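Residue-level structure breakdown
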Amino acid sequence: MSKRWAKHDMEFLGGRRPRRLRQTGWMRDLVRETALAPSDLIWPLFVIEGQNERAPVKSMPGVDRLSIDLAVQAARDAAAEGIPALAIFPNTPGHLRSDGAEEAYNPGNLMCRALSAIKEAVPEIGLIADVALDEYSSNGQDGLVRDGVILNDETVEVMVKSALVQARAGADIIAPSDMMDGRVAAIRRALDAASFESTSIMSYAAKFASAYYGPFRDAVGSGERLVGDKRTYQLDYANSDEALREVAQDLDEGADMVMVKPGMPYLDIVRRVRDSFNVPVFAYQVSGEYTMITLAGDTGVIDRTAAMLESLHAFKRAGAKGVLTYFALETARLLNG
Ligand code: PBG
């Protein structure tokens, strides 16, 4: 009886059996639509002052901030695994933070020294320099503040100076992460005028005001200082048309590549940007995403490695060219066997 029912059912399906393509490992390999490789991964590194110093980030188990000498070693490890680029973030000592964020354009700042040291020791890896004032300001905001208002154009002037010292120190890609208006055009113009026409710009074009940045702000020391929130410049998470307008404008202004951030909760934005613009799109799997997977893995409720690979693969499926991820080295090692 049940056999006849099954036969009837299959006649109804007209012989279509999608499971044929999933029945063996080699068949799944054969029909897989996207691949994840070490060359898709960008590894964010936090740098601190000192020698042979390693400072764990409490809210990001497994992630340490590194003094420059150890960051150089980490860069060597990353290059050896085929990771194409690092994204560098400084934890500026408290006494150097100020309302004017002047340390951002000190050519001898921690960021610039890290860029130069890595560029000299590991020239084969690309260096992405974050440009934003929150890593240098006393209030944790990405912009200069007057009477509680974020000053757009004054902030852009400081960012231009910051980008120039970074380019001089060896940054290959300038990555403005602040969401001020007009910063890409201003940085492009200044780079060109200073003969850095080969220095690229990867703009954090669609960056949302997000709760998932919490652990990062601990890592760079801006969280405890942050006054207010970033909703007057970072995007409202209810919007996606607005994200496309931001991307269009940054490309008009001269961005070579764009980024969507955070990552996993915003895969719809990655897909829309990829379908709407013919440029490399990157996604940032941010600190809070790293920590969620890590803590869930540590408590045994999910398989860390499997969730890590699945999450990274999802970015490729959504259309990202690559992913900034704190899992980069671990994943590259795994993929390289
Ligand atoms: C600085 C910056 C932030 C991140 C990257 N660059 C924090 C913020 O905008 O508050 C977040 C990265 C992460 O959470 O991993 N403007």
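Structural notes, computed from the coordinates. (Residues numbered from 1 in each chain as written. Predicted model: local features only at pLDDT ≥ 70, side-chain atom pairs only at ≥ 80, totals over all residues. Heavy atoms only, no water.)

Structural notes on the site of the ligand
Filter applied, for reference: We call a residue near a given molecule or strand whenever any one of its heavy atoms falls within 4 Å of it. Whenever two N or O atoms come within 3.5 Å, that pair is a polar contact, provided that in protein one can donate a hydrogen and the other can accept it, and provided that, for residues adjacent in sequence, both atoms are side-chain atoms. Accessible surface area values rest on a Shrake-Rupley calculation with a 1.4 Å probe, where residue burial reflects the displayed protein chains alone.
The local shell around the ligand holds 19 residues, among which K207, K230, K261, S287 and Y326 are the closest. One nitrogen or oxygen atom from the side chain of S287 is found 2.7 Å from an oxygen atom belonging to the ligand. The contact in question runs from an oxygen atom of the ligand to an N or O atom on the side chain of Y326, over 2.6 Å. Notes on the ligand: free accessible area 400 Å², of which the protein chains cover 100%.

Focus: the environment of H95
Selection criterion: Strands here mean DSSP runs of E at least two residues long; helices mean DSSP runs of H or I at least four residues long; both are numbered from the N terminus. Only protein chains enter the accessibility calculation, which uses a 1.4 Å probe; a residue is then buried when its area is under 20% of its type maximum, exposed when over 50%, and partly exposed in between.
Within the secondary structure, H95 is located in the loop between β4 (85-90) and α4 (110-121). Residue H95 is classed as exposed on the basis of its relative accessible area, which comes to 70%.

Overview of the packing of helix α5 (residues 152-169) against helix α6 (residues 183-193)
For any two helices packed against each other, one specifies the inter-axial angle together with the distance between the axes. Note the cut-off: Orientation is described by lines fitted to C-alpha atoms, with helices fitted over the stretch in contact, and by angles between N-to-C directions that extend from 0 to 180 degrees. Oblique is the label for any angle not under 35 degrees, not over 145, and not in the 65 to 115 range, which are roughly parallel, roughly antiparallel and roughly perpendicular in turn. The hand of a helix crossing depends on one turn: near helix anticlockwise from the far one by less than a right angle means left-handed, and clockwise means right-handed. Here, residues are in contact when the closest pair of their heavy atoms is within 4.5 Å. Only Asp, Glu, Lys and Arg are considered charged in this grouping, and only Ala, Val, Leu, Ile, Met, Phe, Trp, Tyr, Cys and Pro are considered nonpolar; every other residue, Gly among them, is considered polar.
Direction vectors running N to C along α5 and α6 enclose 45 degrees, while the axes themselves pass 9 Å from each other. With respect to their mutual orientation, α5 and α6 come out oblique. The chirality of how α5 crosses α6 is right-handed. Residues V156, M159, V160, A163, L164 and A167 of α5 pack against R183, A186, I187, A190 and L191 of α6. The residue makeup of the contact of α5 with α6, split by class, is 10 nonpolar, no polar and 1 charged.

Brief notes about the pairing of strand β11 (residues 281-285)
Counted only if it meets this: The pairing criterion for strands is at least two bridges between them, as found by DSSP. Here the term right-handed applies to a crossover when the path leading from its first strand over the helix to its second strand runs clockwise, the strands being oriented away from the viewer.
Most of β11 is tucked away: 5 of the 5 residues are buried. Residues V281, A283 and Q285 of β11 are buried on one face, and the alternating residues F282 and Y284, pointing to the opposite face, are buried as well. Examined bridge by bridge, strand β10 (residues 257-261) and β11 share 3 bridges and lie parallel to one another. Within β11, the residue paired with V258 across the bridge is V281. A crossover connection joins β10 to the parallel β11 through helix α9 (residues 267-276); in handedness this β-α-β unit is right-handed.

Things to note about the packing of aromatic side chains
Put simply, the test is: Centre distance within 6.5 Å is the pairing criterion for rings of Phe, Tyr and Trp, where only the six-membered ring of Trp is used; planes under 30 degrees apart are then read as stacked, over 60 as edge-to-face, and the remainder as tilted. Think of it as a cone above the ring: NZ of Lys or CZ of Arg counts as a charge over the ring if it is within 6 Å of the ring centre and within 35 degrees of the ring normal.
As enumerated under the stated definition, the model contains 10 aromatic pairs in all. Taking 5.8 Å as the distance between ring centres and 20 degrees as the angle between the ring planes, the aromatic pair formed by F46 and Y326 counts as stacked. Note that F46 is positioned in strand β1 (residues 41-48) and Y326 in the loop between β12 (322-325) and α12 (328-335), a separation of 280 residues in sequence. In this pair, the class of F46 matches that of Y326, namely buried. Through pairs of rings, three or more aromatic residues link up here, namely F46, F89, Y204, F216, Y284, Y290, Y326 and F327. Against the face of F216 rests K261, its NZ or CZ located 5.9 Å from the ring centre. In this structure, K261 packs its charged tip against the face of Y284, placed 4.9 Å from the ring centre.

So, the environment of L133
Position of L133 relative to the elements: it lies in the loop between β5 (126-131) and β6 (144-146). Owing to a relative accessible area of 1%, L133 belongs among the buried residues under this scheme. When the C-alpha atoms of L133 and P262 are compared, they prove to be 19 Å apart, with 129 residues separating the residues in sequence. Apart from the residues within four sequence positions on either side, L133 is in contact with A101, A104, Q141, D142, G143, L144, T155, V158 and M159.

Section: the nonpolar core
Keep this limit in mind: As used in this record, nonpolar core signifies buried Ala, Val, Leu, Ile, Met, Phe, Trp, Tyr and Cys residues forming a set joined through side-chain atoms within 4.5 Å.
Core analysis: the biggest nonpolar cluster contains 110 residues, and W43, F46, L86, I88, I118, V273 and Y284 have the highest contact counts within it. When residues of this core are assigned to their parent elements, the largest contribution, 9 residues, is made by α5. The contacts of I88, once residues within four sequence positions are left out, are L45, V47, M111, A114, L115, I118, L127, I128 and D130.

Thoughts on the pattern of salt bridges
To be explicit about the condition: Basic side-chain nitrogens of Lys or Arg form a salt bridge, by our definition, when they fall within 4 Å of a carboxyl oxygen of Asp or Glu.
Applying the stated criterion to the full structure yields 17 salt bridges. Salt-bridge contacts for R113 lead to E49; the nearest nitrogen and oxygen are separated by 2.6 Å. Separated by 64 residues along the polypeptide, R113 in helix α4 and E49 in the loop between β1 and β2 (54-56) bring together distant segments of the chain. The exposure class of R113 is partly exposed, given its relative accessible area of 35%. On the basis of relative accessibility, which here comes to 32%, the residue E49 falls in the partly exposed class. Taking the shortest distance from any N to any O, the salt bridge between D250 and R183 comes out at 2.9 Å. Here D250 is found in helix α8 (residues 241-252), whereas its partner R183 is found in helix α6, with 67 residues between them in sequence. In this pair, the class of D250 matches that of R183, namely buried. Several salt bridges share partner residues, and in doing so they unite D134, D142 and K230 into one network.

Thoughts on the environment of V63
Note on placement: V63 falls in the loop between β2 and β3 (64-67). The exposure class assigned to V63 is buried, which follows from its relative accessible area of 9%. Linking V63 and D241, residues 178 residues apart in sequence, is a C-alpha distance of 35 Å. The contacts of V63, once residues within four sequence positions are left out, are F46, A55, P56, V57, Y290 and Y326.

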